[in-house]
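Spelled out, the chains give:
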Amino acid sequence: MVLFLTKTLRTSTGLSSRYLPWVFGFFFFPGLETFSQLVHEDDYGSFLVNETEINDFPRFAHRGILLDTSRHYLPLKSILTNLDAMAFNKFNVLHWHIVDDQSFPYQSVYFPELSDKGAYSCNHIYTPTDVRLVIEYARLRGIRVIPEFDTPGHTQSWGKGQKDLLTPCYSGERPTGSFGPVNPILNTTYDFMTKFFKEISSVFPDAYIHLGGDEVNFDCWKSNPEVKEFMKKQGFGTDYAKLESYYIQKILDIVFSYNKEYMVWQEVFDNKVQLKPDTVVQVWMENNYAHELSSVTGAGFTAILAAPWYLDYISYGQDWKKYYSVEPLNFPGTEKQKKLLIGGEACLWGEFVDATNLTPRLWPRASAVGERLWSSRNVTNLQDAYKRLTSHRCRMLRCEHEQAILSGIA
Amino acid sequence: MCGFLAGLETFSQLVGRDENGMYYINNTEIVDFPRFPHRGLLLDTSRHYLPLRAILETLDVMAYNKFNVFHWHIVDDPSFPYESLTFPELSKQGAFHAMTHIYTASDVQTVIEYARLRGIRVVAEFDTPGHTLSWGPGAPGLLTPCYLGKDPSGTYGPINPILNSTYQFVTSLFQEVSAVFPDFFLHLGGDEVDFTCWKSNPNIRAFMKEMGFGEDYKKLESFYIQRLLDIISSLGKGYIVWQEVFDNAVKVRPDTIIHVWKENPTPYTEEMANVTKAGYRALLSAPWYLNRISYGQDWMAAYQVEPLKFEGSSEQKARVIGGEACMWGEYVDVTNLAPRLWPRAGAVAERLWSNATVRDLQDAYTRLADFRCKLLG
């Protein structure tokens, strides 16, 4: 058997080289994956591979899956199984949306109270060992782990273990007892973030950290007299987007000082926060996302697309077809702009997802996204894709079953 | 016995656990009884084969939810996994895989006994004359050959209602099925009969003329179904049929149960009224097609259905004997059956068991969330 592995070692142009750590592993591994999928069984049960020349390379450099471990905790096993499935589908980024309003499972070394008070229970946390395991397991499969610590909104669970971090909401003159986004006017906030992101920067080796910045509700800020006072002092008027901007800019500077690049949700761009040129903007709002891609790339920023690929939005029938039919570069823009769209992510938000249904909900629907991000633009035939998807699914099931047997589960 | 089992079920759900991990139960008086006698779940093992363990697991969870009828939609167009002793070719030719994707006689007995021990009846459905494509390969001559002009097109349609051989076959098959499945009722299907193929076949057209049916193919369908029902009756079984059999004015016995599944063109509430007004008993499934997934807490819509919410007398309402949650198999196999079915089917189970006044969504949510944890633990 002679096998030629001609893999064009090509990166997506126009990006800083910091975007592609661990170069060798990331290019070699998908090649092995392709090779493994050429193996077939003959009528006698022998496994064989035909003499083949493989010429394969990804279209987009960022091919990600978002997992949400805050709305529902996902046990380590779930995450690792998912990494296996991702590797099989040539995804190379795990966007770990690790904390949010509902729970804070990340066990911080500097601030252990965050998970002590913020996790669903002491059994629903990721210890430093767990986190290292995920990162290493991913690395061995050619997958980067980009953590997301979403602020200033989506932070209710942070307030349980970090007093005075969140903004107290007011009704007239009196605090209501409830809290809003991170309090942007206190020095203590930035002292905390400085220390917290120091830890995050050293725990997660990827060049990028996702800083969130989405869906910041201004009502609580507006109700707080001290915040109102601050707005006056800063000359922001009643434009709370400016306050959000003020906060985010400081966080970006903090993170940058640790030599990290950052990803943000689109609101950060939409609200005109001053972003460094290497910022990656994630477009997630479905309404007119093509227009958003134009704007983001038109302003010179790198973009990744998630909007049409919210896989948590289930519906009856073969919805994989609509995910497959998305053409990421279908937006008005120059060639230069199009190059700034470096990939996308299939997102599985956790409101209705936990370990009991994660795998069947994500796969093989996410495979449709995987192919869209890897294969050439002209690979669009649905009938052909259907045939390949069904046998791909069988391959995945066979592998999963074998793994279950090997690990003693089945 | 079934009441006793349901009582044990209630009892088991009263068991709690304290902070030290000790199991305890409070001194309790239980007064509980089902609102409807037929509380069913449909599984479809034709669109996708379901391994035995998936069926048995489902029966366990059904028992926990006080479902008492397993409606086994065992064969259909895509595959015929039922291994018939009388007609072994049916599954040999019609199953997805004749060795690995079948239910042997022993498998079937296992299911029936496993169900019985949990207070669950097994009602088998052998749907005809439509939904029978998989029957064709193993029973040549059974299905109607479709025509393109003067020549057979090579494709087949519903069971051929004009041949004597058809009725001989049906008699023999249902003789076996009646013996294999001990429940009094068999589900005979009768839904979605596409007349196109019949219309294209010259022999059938000739028969229509002979019988004076004109162009009304519902009469031909009626002709088949009536003979089928007579065969089943003579075998000492009762029958359940999908609503089309009633809608198409087929003459059925007064003790027929009509299974209401369509939401249009007639709203199901209206259908329930019509069926019960005509004196038949009714089963409701239309708002409980759990295979139709959607984003969010759709258990609430299932929970809020009120089966007796239709215009009718109290005699009519008394003819509604219950309902069934359906999990059709087009997009369901063993990899996703359990999370797709549970705990959403629990909402239907409560609707069929509990009093009509038990409707508060917030309260139901709390209990459902807790129940789900119990199921998982």
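By the naming in an unreviewed UniProt entry, chain B is Beta-hexosaminidase subunit alpha, taken from Athene cunicularia.

Taking an unreviewed UniProt entry as the reference, chain A is identified by name as Beta-hexosaminidase subunit beta belonging to Athene cunicularia. According to its UniProt record, chain A has this under Sequence similarities (unreviewed entry): "Belongs to the glycosyl hydrolase 20 family."

What am I meant to see in the UniProt feature "active site" (unreviewed entry) in chain A here?
Residue and element names in this part refer to chain A. According to UniProt, the feature "active site" (unreviewed entry) maps to Glu215 in the numbering used here. Within the element layout of this structure, Glu215 appears in the loop between strand S10 (208-212) and helix H7 (219-223). When residues no more than four places from it in sequence are discounted, the contact partners of Glu215 are His154, Glu267 and Trp284. Side chain to side chain, Glu215 and His154 meet in a polar contact 2.8 Å long.

Would you explain the confidence of the model for chain B in this entry?
As a general rule, the predicted coordinates of low-pLDDT regions are not to be interpreted in detail. Scored by pLDDT, chain B comes out at a mean of 95, with 99% of its residues at no less than 70. Under the prediction, the complex receives an ipTM of 0.91, its pTM being 0.91.

Is there a simple way to explain the nonpolar core in this structure?
Generally speaking, soluble globular proteins have nonpolar side chains that are buried together. Counting residues in each nonpolar core, the largest one holds 98 residues, and the members touching the most others are Phe70, Trp72, Phe126, Phe181 and Leu220 of chain B. The dominant element in this core, judged by the number of residues it contributes, is helix H8 (residues 217-234) of chain B, at 9 residues. Leaving out residues up to four positions away in the same chain, Phe181 of chain B has contacts with Trp72, Tyr82, Val108, Ile112, Val122, Ala124, Phe126 and Lys237 of chain B. Formed by 86 residues, the second largest nonpolar core is a distinct cluster that contains Leu83, Ala85, Val281 and Trp363 of chain A.

Would you mind showing me how to read the confidence of the model for chain A here?
Taken residue by residue, chain A gives an average pLDDT of 90. The fraction at 70 or more is 90%. Confidence drops under a pLDDT of 50 for residues 1-25 of chain A, and excluding neighbours within four residues, the segment shows 55 contacts in the predicted structure.

Before we go on, may I ask you to explain the UniProt feature "active site" (unreviewed entry) in chain B in this structure?
All names here are of chain B. Feature annotation in UniProt places "active site" (unreviewed entry) on Glu192, given in this structure's numbering. Position of Glu192 relative to the elements: it lies in the loop between strand S8 (185-189) and helix H6 (196-200). Judged by its relative accessible area of 44%, Glu192 falls in the partly exposed class. Ignoring sequence-local partners within four residues, the contact set of Glu192 consists of His131, Glu244 and Trp261. In this structure the side chain of Glu192 is engaged in a polar contact, spanning 2.8 Å, whose partner is the side chain of His131.

Would you explain the state of the cysteines in this entry?
Note: disulfide means a covalent bond formed between the sulfur atoms of two cysteine side chains. In the structure shown here, the tally under the stated rule is 2 disulfides over all chains. The partner cysteine of Cys146 of chain B in its disulfide is Cys197 of chain B, sulfur to sulfur 2.1 Å. Torsion about the S-S bond of the Cys146 of chain B and Cys197 of chain B cystine: about -110 degrees, corresponding to left-handed handedness. Of this pair, Cys146 of chain B sits in strand S6 (residues 143-148) while Cys197 of chain B sits in helix H6; the two residues are 51 residues apart in sequence, bridging distant segments of the chain. Of the two residues examined, Cys146 of chain B and Cys197 of chain B, each falls in the buried class. Cysteine Cys394 of chain A shares no disulfide, and the gap to the nearest cysteine sulfur, in Cys399 of chain A, comes to 12 Å. Residue classification places Cys394 of chain A among the partly exposed residues on the basis of a relative accessible area of 43%. Here Cys373 of chain B stays unpaired: no disulfide links it, and the sulfur of Cys122 of chain A, its closest cysteine neighbor, is 16 Å away. For Cys373 of chain B, a relative accessible area of 51% gives the class exposed.

Looking at this structure, I do not really get the pairing of strand S9 (residues 174-182) of chain A. What am I missing?
For a regular strand, side chains alternate in direction, first toward one face of the sheet and then toward the other. Residues and elements named next belong to chain A. Two elements, strand S8 (residues 166-171) and S9, share 4 bridges in a ladder whose sense is antiparallel. Bridged to Leu166 within S9 is Val182. Here S8 folds back onto S9 in antiparallel fashion, the turn holding 2 residues, of which Gly172 has a positive phi close to 70 degrees.

How do you make sense of the UniProt feature "domain: Glycoside hydrolase family 20 catalytic" (unreviewed entry) in chain A when you look at a structure like this?
Annotation from UniProt places "domain: Glycoside hydrolase family 20 catalytic" (unreviewed entry) at residues 60-376 of chain A. From the first C-alpha to the last, residues 60-376 of chain A spans 9 Å; its make-up is 40% helix and 19% strand.

Which parts of the structure should I look at to understand the packing of aromatic side chains?
Here the distance between the centres and the angle between the planes together describe a pair of aromatic rings. The final tally for this structure, using the stated rule, is 60 aromatic pairs over all chains. On the numbers, 6.4 Å between centres and 90 degrees between planes, the contact of Phe149 of chain A with Trp158 of chain A is edge-to-face. For Trp158 of chain A, a relative accessible area of 0% translates into the label buried. Geometrically, the ring pair formed by Phe80 of chain B and Trp135 of chain B is edge-to-face, given 5.3 Å between the ring centres and 85 degrees between the ring planes. Of this pair, Phe80 of chain B sits in the loop between strand S4 (69-73) and helix H3 (89-94) while Trp135 of chain B is found in the loop between strand S5 (121-128) and S6, placing the two residues 55 residues apart along the sequence. An aromatic cluster of at least three residues, connected via ring pairs, comprises Tyr73, Trp96, Phe104, Tyr106, Phe111, Tyr126, Phe149, Trp158, Phe192, Phe196, Phe197 and Phe204 of chain A. Note that Lys90 of chain A overlies the ring of Trp374 of chain A, its terminal NZ or CZ placed 4.8 Å from the centroid.

Please clarify how the interface of chain A and chain B should be interpreted in this entry.
Many structure descriptions define interface size as the accessible area lost when the parts assemble. Counting residues at the interface gives 15 residues for chain A and 15 residues for chain B. Both faces combined, the contact of chain A with chain B buries some 1400 Å², and carbon together with sulfur accounts for 64% of it. At the surface where chain A touches chain B, the tally comes to 2 salt bridges. Taking the shortest distance from any N to any O, the salt bridge between Arg372 of chain B and Asp354 of chain A comes out at 3.0 Å. Residues that form the side of chain A that touches chain B fall into these classes: 6 nonpolar, 5 polar and 4 charged.

Rules of the game
Residues numbered from 1 in each chain as written. Chains lettered and ligands numbered in written order. Predicted model: local features only at pLDDT ≥ 70, side-chain atom pairs only at ≥ 80, totals over all residues. Heavy atoms only, no water. UniProt positions renumbered as here; feature names shortened; annotations may be inferred. Helix = DSSP H or I, 4+ residues; strand = E, 2+ residues; numbered from the N terminus. Contact = heavy atoms within 4.5 Å. Polar contact = N/O pair within 3.5 Å; in protein donor to acceptor, adjacent residues only side chain to side chain. pLDDT = per-residue confidence, 0-100. Core = buried A, V, L, I, M, F, W, Y, C linked by side-chain atoms within 4.5 Å. Buried < 20%, exposed > 50% of the residue type's maximum accessible area, 1.4 Å probe, protein only. Disulfide = S-S within 2.5 Å. Pairing = 2+ DSSP bridges. Phe/Tyr/Trp six-rings, centres within 6.5 Å; stacked < 30°, edge-to-face > 60°. Lys NZ or Arg CZ within 6 Å of the ring centre and 35° of its normal. Buried area = accessible area lost by both parts, 1.4 Å probe. Salt bridge = Lys/Arg side-chain N within 4 Å of Asp/Glu carboxyl O. Nonpolar A, V, L, I, M, F, W, Y, C, P; charged D, E, K, R; others polar.

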